[in-house]
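# An overview of the molecular structure
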Amino acid sequence: MLVPSAKGSDSCESQTKMKSHSASTAKRLSTGRRSAQLAPLDRSSLRDQASQSIRASVAAGEFEAGKIYPVAFFESKFGVSATPIREALFDLVDANLIEVVPNRGFRVPLRSERELDELYDLRMLLERPAVVRLAASRLHADLSRLRELAEQIEGEAARGDVRRFLIADRRFHAELLSLGDNQRLTEIIVGLRDQARLYGLQSLANAGGLIESARLHFEMLTAIETGDEALADASIVRHLGYTRGAWAAPDPAAVVVE
């Protein structure tokens, strides 16, 4: 009986390993190529981005209250396909920010001056003491993320980009309030904020008037870091005051963007 030499055995084993390695490598490369080619767009991300943009546009008064807008209008305006746009719109319907009109589209409900005053009063009752409590608690949390958002808000204010300004502002206040460890309170306050109508923002941005209010975010953070309750109170009162003052306008039709 012929017995293969040790050298021949080693050679066969080496060839087997090389083939196995090559096959494994080819499989990984093939899988990587398939992943690169077939990786779907993150629909949830598109949906969230669309929700943020539409929500900010509603607050800024870019849609005429009571007018019906078809889904195609939102697709064109925000550059997002029908599915994520439709999902985003129904998210905002669930949040009572817009209304669905069967077989026709969506519309933004009109907010009366009395309703807007009520929203402001509620925010003063809830958000003002929440921010002051953060200063009183002498938080040792890392506020670097909030400082980044404050810088983004200031940057968008300088550029006059109202939509991005509002998106960053909403994120700042939501993350700031979440430091108080009361999720329900945070959701209520953010929900009240979303229902506001800030019809004067665009004209104010065009005149460079957003920068001063943007800087209040840094003031709030300084107050919280140093435990200055009086400064925290003054800064949030001034900030909320803008929502029924310089950020508001009596004639919504004056700033509608088609």
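It should be emphasised that the depicted structure is a prediction, and the values quoted were computed from it without experimental measurement.

## Observations concerning the overall build of the chain
Counting its regular elements, the chain contains 12 helices and 3 strands. In the chain, which comprises 258 residues, the share counted as buried stands at 38%. Counting only contacts in the chain whose residues sit at least 6 apart along the sequence, the fraction spanning at least 24 positions is 75%.

## Some details on the environment of Ile 224
For Ile 224, the location among the structural elements is in helix 11 (residues 216-226). Note on Ile 224: relative accessible area 0%, which makes it buried. Each C-alpha atom of the pair Ile 224 and Leu 139 lies 7.0 Å from the other, and the pair is 85 residues apart in sequence. For Ile 224, the contacting residues outside a window of four places in its chain are Val 131, Leu 134, Ala 135, Leu 139, Leu 143 and Leu 176.

## Looking at the packing of aromatic side chains
Enumeration over the complete set of coordinates arrives at 8 aromatic pairs. Both rings, one in Phe 73 and one in Phe 74, keep their centres 5.4 Å apart while their planes meet at 85°; by these two values the pair is edge-to-face. Judged by its relative accessible area of 4%, Phe 74 falls in the buried class. Here the aromatic cluster, defined as three or more aromatic residues joined through ring pairs, consists of Phe 63, Tyr 69, Phe 73, Phe 74, Phe 90 and Phe 106. Above the face of the Phe 78 ring, Lys 77 is positioned so that its terminal group lies 5.8 Å from the ring centre.

## Some remarks on the environment of Leu 126
Secondary-structure assignment places Leu 126 in helix 5 (residues 113-136). According to the relative accessible area criterion, Leu 126 is partly exposed, its value standing at 27%. Sequence separation between Leu 126 and Ile 189 is 63 residues; the distance between their C-alpha atoms is 7.0 Å. Once residues within four sequence positions are removed from consideration, Leu 126 is found in contact with Leu 185, Ile 188, Ile 189 and Leu 192.

## A look at the confidence of the model for the chain
Mean pLDDT over the chain works out to 82, with 79% of the residues at or above the 70 mark. Counted against residues more than four places away or in other chains, residues 24-42, with its pLDDT under 50, gives 2 contacts.

## Considerations on the sheet that holds strand 3 (residues 105-107)
In sheet architecture, strand pairing relies on hydrogen bonds along the backbone and comes in two forms, parallel and antiparallel. Strand order across the open sheet formed by 3 strands is 1-3-2, with antiparallel pairing between neighbours. A strand with exactly one partner marks an edge of an open sheet, and here the two such strands are strand 1 (68-69) and strand 2 (99-101). As judged from the 2 bridges shared by strand 1 and strand 3, these two strands associate in the antiparallel manner. The partner of Ile 68 across the bridge, within strand 3, is Arg 107.

Calculation criteria
Just so you know, the residues in each chain are numbered from 1, in the order the chain's sequence is written. Totals for whole chains, interfaces and linings use every residue, but because this is a predicted model, local features are given only for residues with pLDDT of at least 70 and side-chain atom pairs only at 80 or more, for both listing and counting. Water and hydrogen atoms were dropped before computing side-chain values, which therefore reflect all heavy atoms in the structure. The secondary structure listing takes helices from DSSP runs of H or I that are at least 4 residues long and strands from runs of E that are at least 2 residues long, numbered from the N terminus. Burial here depends on accessible area, computed with a 1.4 Å probe over protein chains only, as a share of the maximum for the residue type. Under 20% is buried, over 50% is exposed, and the range in between is partly exposed. When checking whether two residues touch, look at their non-hydrogen atoms; a contact exists if any pair is within 4.5 Å. For this analysis, a ring pair means two rings from Phe, Tyr or Trp (six-membered ring only for Trp) whose centres lie within 6.5 Å, classed as stacked if their planes differ by under 30 degrees, edge-to-face if by over 60, and tilted for the remaining angles. As a reminder, the over-ring test applies to NZ of lysine and CZ of arginine, requiring each to be within 6 Å of the ring centre and within 35 degrees of the ring normal. Along the chain, pLDDT gives the predictor's confidence residue by residue, from 0 to 100. Here, any two strands with at least 2 DSSP bridges between them count as paired.

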